[in-house]
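# Descriptive structure summary
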Amino acid sequence: MTARPALTSHSIRRGSAAALCLAVVFASAASSLHAAEPGTASTSAAGSAPQRHVPPHVDHQPIDRVPADLRPGPVIHVQPAMVSAEAAAVLQRALYVAHAAIGSYGVTFAAVRDGTLVWAGASGVERDGSTLLTPERPLVIGSVMKTFVSALVLQLVQEGRLALDQPVATLLPDAPASVGAVTVRQLLGHSSGLADVYNDTTKAMLEMTPERSLSPIEILATLPEPWFAPGQSWTYSNTNYLVLGLVAERVLGRSLGDAIETRLAAPLGLPSAHTLDPADAGSPLRPAWASVFYGSGAMAASAADVAAWGDELYGGTLLSAEMRALMLQFNEHDTGLGVQRLEVGTHKGYGHSGLMSTYTSLLVYLPEADLTLAVLVNLAHADINGMLTFAPA
C-alpha cells in the first residue's frame, strides 16, 4: 500500500474535530469545540437482525447507567510519530467531547493504517468510577470476537483441514442432531437456523446465578428447537460461533483460547487479546457470561490491538485474497462470514459491532480511507456511532 504522510496541524483544519471518526479520517479540527477543555496525560507508545435475535444483555436488571455526578476525566493518549503534537491535541479534544456527548464511564479508541498505529487514546474511568482508564487497558470486545473465530476457521479451510460445506456431525459426533445437521459455511454466515444460546434457561442463569458456569455442550443442551431448516433463511445467532469454537478445538486439538493466541494474537503482536475463562477470578465477565458466550463474545483486548487486528484481517495477508473475498460476500442482511457491513456517518466500511454484559464495542475498516478504527466502551448500549460522528452546534 502507498505510504501515508504524517498528520500535521495544517492537514487537520477542514471540519469538526468533535466528530471523532472524521477527525481521524480527515484529521479535521474546529476552532471552537463548545466544551470544557480536557486535562491531558501522556503514556508511551504501546447490522440489522431479525426480531428473534435478542442482544446478550440482561433486561430485568437495572439499566446500566453512569452515576449522575461522574464527569469525563483527562484524556490519556499514545502519540506515535505518525501524528504531530498539534494533531494529537485535536484528537484528544475530539475524544473528550465525544465521550462527554454519549455519557459512559470510559472509552478507549484507536486508529491503525497500513500496520501503523495512527493514534490511540482513552477518556474516563474504569467502572469503579475512579480509576483512570488507559489506552492499553483490555476491555470486553463482545461479538467482535466473531471476527477472530471466523478468521481461525477460514485459515483451517485455507489449509485444507476443514471444508466450508462439511457437516458439523463429521466433526462433533456427540453434538445434538440439530447441530450436527448444519455446515461450517452456515455457521459462519448465520444461516444454520440454530436458536440463540441466549434463551430462557441461560437468561435465568445470567440473571439469577451469574457465578455458575456450564460447558459448551451443556449450553447446547439448553437450545430450543431450530428456528428454521439449515440454509433456508437467515438469523443472527451466537450459537453459531460457540459451535465454530468447538469445531476449531476438535481440528486443532487445543483450546479455543490457545488457538487464538498461538495462531492469531501472538504472531500478529496483539498481546492484550485473549479469551475469557469462566474459571478466571479476575475476568471482567462473570462465569455465567463467559461460559454462555464462549466463542461468540467472551474475549477482551485493547483498542489498539483490536484496530491492528482489523487492519491485518481486512487489508493484510492473514487470509488469501480468495478467502478474504469469500468472507466479504455480503448477503441482503449486510452479513458475510463473521463480518458485518457498517456505516459510520457517511463512511461505508465493514467489521463487527459488539454488546456484551456492560460493554459495547466496534471494529470498522473504512476502505476509502484505508483506515481501521476500534472503539471500546465500558457501558452497555453505548451509542458508538453517535460518538464517532457527534459534532456540537
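Now for a look at the structure at hand. None of the values given here were measured: they were computed from a predicted structure. (Residues numbered from 1 in each chain as written. Predicted model: local features only at pLDDT ≥ 70, side-chain atom pairs only at ≥ 80, totals over all residues. Heavy atoms only, no water.)

Below, the discussion takes up the overall build of the chain. Of the regular secondary structure elements, the chain holds 13 helices and eleven strands. Expressed as a percentage of the 393 residues in the chain, the buried residues total 58%. When the accessible surface of the chain is summed, it comes to about 15600 Å², and 51% of that surface belongs to carbon and sulfur atoms. (Helix = DSSP H or I, 4+ residues; strand = E, 2+ residues; numbered from the N terminus. Buried < 20%, exposed > 50% of the residue type's maximum accessible area, 1.4 Å probe, protein only. Areas by Shrake-Rupley, 256 points an atom, 1.4 Å probe, with all protein chains shown as cover.)

What follows is about the packing of helix α3 (residues 145-158) against helix α11 (residues 303-315). When two helices pack together, their arrangement is given by the angle between their axes and by how far apart the axes lie. Across the interface, α3 lies against α11 with an axial gap of 11 Å and an inter-helix angle of 40°. Between α3 and α11, the crossing angle belongs to the class labelled oblique. Of the two elements, α3 crosses α11, and the hand of that crossing is left-handed. On α11, the residues that touch T147, F148 and A151 of α3 are W309, L313 and Y314. In terms of residue class, the contact of α3 with α11 is made up of five nonpolar, one polar and no charged. (Axes fitted to C-alpha atoms, helices over the stretch in contact; angles between N-to-C directions. Parallel < 35°, antiparallel > 145°, perpendicular 65-115°, else oblique. Left-handed = near helix turned anticlockwise from the far one by under 90°. Contact = heavy atoms within 4.5 Å. Nonpolar A, V, L, I, M, F, W, Y, C, P; charged D, E, K, R; others polar.)

The nonpolar side chains of soluble globular proteins are, as a tendency, buried together. I141, L162, L188, V243, W309, Y314 and M327 are the most contacted members of the largest nonpolar core, which has 90 residues in total. The residues touching M327, leaving out its near neighbours within four places in the chain, are L154, L313, Y314, L319, G336, L337 and V339. Counting residues in each nonpolar core, the second largest holds 32 residues, with V75, V118, L342 and V377 among its members. (Core = buried A, V, L, I, M, F, W, Y, C linked by side-chain atoms within 4.5 Å.)

What follows is about the packing of aromatic side chains. The final tally for this structure, using the stated rule, is eight aromatic pairs. Pairing F148 with W309 gives two aromatic rings, centres 4.1 Å apart and planes at 10°, and the pair type is stacked. On the criterion of sequence distance, the pair formed by F148 in helix α3 and W309 in helix α11 is long-range, its members being 161 residues apart. For the pair F148 and W309, one class covers both residues: buried. Their ring planes at 85° and their centres at 5.3 Å tell us that Y314 and Y350 sit as a pair that is edge-to-face. Residue Y314 is located in helix α11, and its partner Y350 is located in strand β9 (residues 347-356); the two are separated by 36 residues in the primary sequence. Considered together, Y314 and Y350 belong to a single accessibility category, that of buried residues. One aromatic cluster is present, built from ring pairs that chain together Y314, F330, Y350 and Y365. (Phe/Tyr/Trp six-rings, centres within 6.5 Å; stacked < 30°, edge-to-face > 60°.)

Here the focus is empty space enclosed by the protein. Computed from the structure, the largest cavity encloses a volume of approximately 40 Å³. Together, H347, K348, L366, E368 and A369 line the largest cavity. Here the residues of the lining of the largest cavity sort into two nonpolar, one polar and two charged. (1 Å grid on protein atoms, 1.4 Å probe; cavity = no way out; pocket = protein on both sides within 12 Å on 5 of 7 lines; lining within 4 Å. Points joined across faces, edges and corners; volume = space filled by probe spheres on them.)

One open sheet accounts for three strands, arranged β5-β7-β6; its pairing is antiparallel. Either end of the sheet is taken by a strand with one partner, and the two such strands are β5 (139-140) and β6 (274-275). Relative to strand β7 (residues 299-301), β5 runs antiparallel, the two sharing two bridges. Among the inter-strand pairings, L139 is bridged to a residue of β7, identified as A301. (Pairing = 2+ DSSP bridges.)

Let's shift gears to the pattern of salt bridges. Applying the stated criterion to the full structure yields eight salt bridges. Between R161 and E159 there is a salt bridge, with its nearest N and O atoms 3.7 Å apart. Given a relative accessible area of 42%, E159 falls into the partly exposed group. The shortest N-O distance in the salt bridge between R286 and E211 comes to 2.4 Å. You can see R286 sitting in the loop between β6 and α10 (287-292) and its partner E211 sitting in the loop between α6 (200-208) and α7 (216-220), a full 75 residues away along the chain. (Salt bridge = Lys/Arg side-chain N within 4 Å of Asp/Glu carboxyl O.)

Most peptide bonds are trans, and most residues other than glycine sit at a negative phi. Phi is positive for H190, which is not a glycine, with a value near 60°. Along the polypeptide, H190 turns up in the loop between α5 (184-188) and α6. We note that D334 has phi near 60°; this positive angle belongs to a residue other than glycine. Structurally, the position occupied by D334 is in the loop between α12 (321-327) and β8 (340-344). According to the relative accessible area criterion, D334 is partly exposed, its value standing at 27%.

On to the side chain of S291. With respect to the helices and strands, S291 occurs in helix α10. In this view, S291 contacts M205, R212, S213, L214, I219 and P278; residues no more than four positions away in its chain are not counted.

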